[in-house]
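What follows is each chain in one-letter form.
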Amino acid sequence: MTGSRVVALGHYQPAKVLTNDDLAAMVDTSDEWITSRVGIRTRHVGGPDEPVDELAAHAAAKALASAGLQPADIDMVLVATSTAIDRSPSMSARVAARLGMGSPAVMDINVVCSGFTHALATADHAIRAGAATRALVIGADKMGDIVDWTDRSTCVLMGDGAGAAVVTADPEGGDRPGIGPVLWGSVPEMGNAVRIEGTPPRFAQEGQSVYRWATTQLPPIARKVCERAGVTPEDLAAVVLHQANLRIIEPVARKIGAVNAVIARDVVDSGNTSAASIPMALSKLVERGEVDSGAPVLLFGFGGNLSYAGQVIRCP
């Protein structure tokens, strides 16, 4: 059975930056209030002429260029998103059309904040099964379209963006697979703790419930992800958690025990970009040269549906 690996990454964010001081002019908040509670200083926000598939296509094009591949080389496109308003065409089909692809399999995956790690596992499984050879896996969300900009408890969190990974077959992976086994699951009875509901859809969450669940229940699961991959937390070169909130990221990373790892903190500059957060943060770490090629990196998504999914990958 052929394994798979991530060979290239790309990310994209809208040009408009919204600072905490900008938000303070819109709602009853302040830079000190936001940074002390969630650690976010800025976020990027797209305009009405920047749909989700455009953000995704920009990130995908950068990943393809980095991989030295053409759009026609891709035979599967997976887009993780929870902000697709239309049912059809899907975001993945629209991205394929924007990039001028041939006839790839196209599929959207909506697992909210853990969407990218679910999609990456799906691509890995498809390649291992021989159903695909080169996949484009994208996390893209435009949270600014669904947030209530009058609610200071949620509007301070969100940002827009996209991140993409090119995944290819890896027949030489052997006992050092480029993408390790996924560990995924959910807590269905607590699914309402994170919601995107209504017409028009609006984001809401039970922040304290999510915080308690993430900081107490997820570290042991993340350690099991490492165990499945045959590495210890001390072996990790980087940890890229869903960029939800710095007050979640830092204690979870500490409890995992990744004492030698670079911890992604892109949430400070980008806010919570849902499914885009993990590939964007990883792409930036690689772009800055903070993680060596081939080094083990833990990716761990969590959030909406109180779902989670994680795997250890070898850095491209």
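Residues numbered from 1 in each chain as written. Predicted model: local features only at pLDDT ≥ 70, side-chain atom pairs only at ≥ 80, totals over all residues. Heavy atoms only, no water.

## Some remarks on the overall build of the chain
If you tally the helices and strands in the chain, you get ten helices and 14 strands. For 316 residues, the compact-globule estimate of 2.2 N^0.38 gives 20 Å, and the C-alpha radius of gyration of the chain, at 18 Å, lies within 12% of that figure. Taking the principal axes of its C-alpha atoms as reference, the chain extends roughly 55 × 45 × 40 Å. For the chain, restricting intrachain contacts to residue pairs at least 6 apart in sequence, the fraction spanning at least 24 positions comes to 76%. For the chain, the computed accessible surface area is about 12,600 Å², with 48% contributed by carbon and sulfur atoms. (Helix = DSSP H or I, 4+ residues; strand = E, 2+ residues; numbered from the N terminus. Rg over C-alpha atoms; globule rule 2.2 N^0.38 Å. Contact = heavy atoms within 4.5 Å. Areas by Shrake-Rupley, 256 points an atom, 1.4 Å probe, with all protein chains shown as cover.)

## Details of the packing of aromatic side chains
Where two aromatic rings form a pair, the distance of their centres and the angle of their planes describe that pair. Applying the stated criterion to the full structure yields two aromatic pairs. Seen from their ring centres, Phe300 and Phe302 are 6.3 Å apart, and the 40 degrees between their planes marks the pair as tilted. In this structure Phe302 comes out as buried when scored by relative accessible area, which is 2%. Taken together, Phe300, Phe302 and Tyr308 form an aromatic cluster joined through their ring pairs. For Arg247, the ring lying beneath its charged end belongs to Tyr211, and the centroid distance is 5.1 Å. (Phe/Tyr/Trp six-rings, centres within 6.5 Å; stacked < 30°, edge-to-face > 60°. Buried < 20%, exposed > 50% of the residue type's maximum accessible area, 1.4 Å probe, protein only. Lys NZ or Arg CZ within 6 Å of the ring centre and 35° of its normal.)

## Comments concerning helix 4 (residues 91-99)
What helix 4 keeps buried is the set Met91, Ser92, Val95, Ala96 and Leu99. Buried positions in helix 4, seen along its axis, are confined to an arc of 135 degrees and lie on one side of it. Check the buried side of helix 4 and you find it contacts helix 3 (52-67), strand 4 (76-80), strand 5 (105-109) and strand 6 (134-142). A positive phi of about 70 degrees marks Gly100, the residue just after helix 4. (Arc of directions from axis to C-beta.)

## What about the packing of helix 7 (residues 207-229) against helix 8 (residues 246-256)?
For the pair helix 7 and helix 8, the least separation of the axes is 9 Å and the interaxial angle reads 30 degrees. In this structure, helix 7 crosses over helix 8, and the sense of that crossing is right-handed. Contacts from Tyr211, Ala214, Thr215, Pro219, Ala222 and Arg223 of helix 7 reach helix 8 at Arg247, Ile248, Pro251, Val252, Lys255 and Ile256. Of the residues that constitute the contact of helix 7 with helix 8, the class distribution is eight nonpolar, one polar and three charged. (Axes fitted to C-alpha atoms, helices over the stretch in contact; angles between N-to-C directions. Left-handed = near helix turned anticlockwise from the far one by under 90°. Nonpolar A, V, L, I, M, F, W, Y, C, P; charged D, E, K, R; others polar.)

## With respect to the pattern of salt bridges
Taken as a whole and judged by the stated rule, the model has eleven salt bridges. Between Arg41 and Asp31 there is a salt bridge; the shortest N-O distance is 3.9 Å. Taken as a pair, Arg41 in the loop between helix 2 (31-37) and strand 3 (42-44) and Asp31 in helix 2 lie far apart in primary sequence, ten residues in all. Accessibility expressed as a relative area gives 45% for Arg41, which makes it partly exposed. What makes Asp31 partly exposed here is its relative accessible area of 28%. Here Arg195 and Glu197 are joined by a salt bridge, their closest N and O atoms 3.9 Å apart. The class of Glu197 is partly exposed, set by a relative accessible area of 46%. Among the charged side chains, a salt-bridge network with shared partners connects Arg195, Glu197 and Glu206. (Salt bridge = Lys/Arg side-chain N within 4 Å of Asp/Glu carboxyl O.)

## Concerning the layout of surface pockets
Of the volumes computed, that of the largest pocket is approximately 520 Å³. Lining the largest pocket are 24 residues, and of these Ser82, Ala84, Arg87, Asn110 and Ile196 sit closest to its centre. Mapped by element, the contributors of at least two residues to the lining of the largest pocket are strand 5 and strand 9 (194-197). It is strand 9 that provides the largest number of residues to the lining of the largest pocket, a total of four residues. Tallied by class, residues from the lining of the largest pocket come to eight nonpolar, eleven polar and five charged. Lining the second largest pocket are 25 residues, and of these Val38, Leu157, Gln205, Gly207 and Asn245 lie nearest its centre. At the level of secondary structure, the elements contributing two or more residues to the lining of the second largest pocket comprise helix 2, helix 6 (152-155), strand 10 (202-205), helix 7, helix 8 and strand 13 (296-303). If one sorts the elements of the lining of the second largest pocket by residue count, helix 7 sits on top with four residues. (1 Å grid on protein atoms, 1.4 Å probe; cavity = no way out; pocket = protein on both sides within 12 Å on 5 of 7 lines; lining within 4 Å. Points joined across faces, edges and corners; volume = space filled by probe spheres on them.)

## A short note on the sheet that holds strand 13
Spatial ordering of the open sheet is given by 8-14-13-11-12, a layout of five strands whose pairing is mixed. Unpaired on one side and paired on the other, strand 8 (183-186) and strand 12 (262-263) mark the two borders of the sheet. By the bridge criterion, four bridges tie strand 11 (residues 238-241) to strand 13 in an arrangement that is parallel. Of the residues in strand 13, the one forming a bridge with Ala238 is Val297. Sitting on the sheet, helix 8 touches strand 11, strand 12 and strand 13, and the angle it makes with strand 11 is about 135 degrees. Relative to strand 11, helix 10 (residues 277-287) is tilted by about 150 degrees, and along the sheet it contacts strand 11, strand 12, strand 13 and strand 14 (307-314). (Pairing = 2+ DSSP bridges.)

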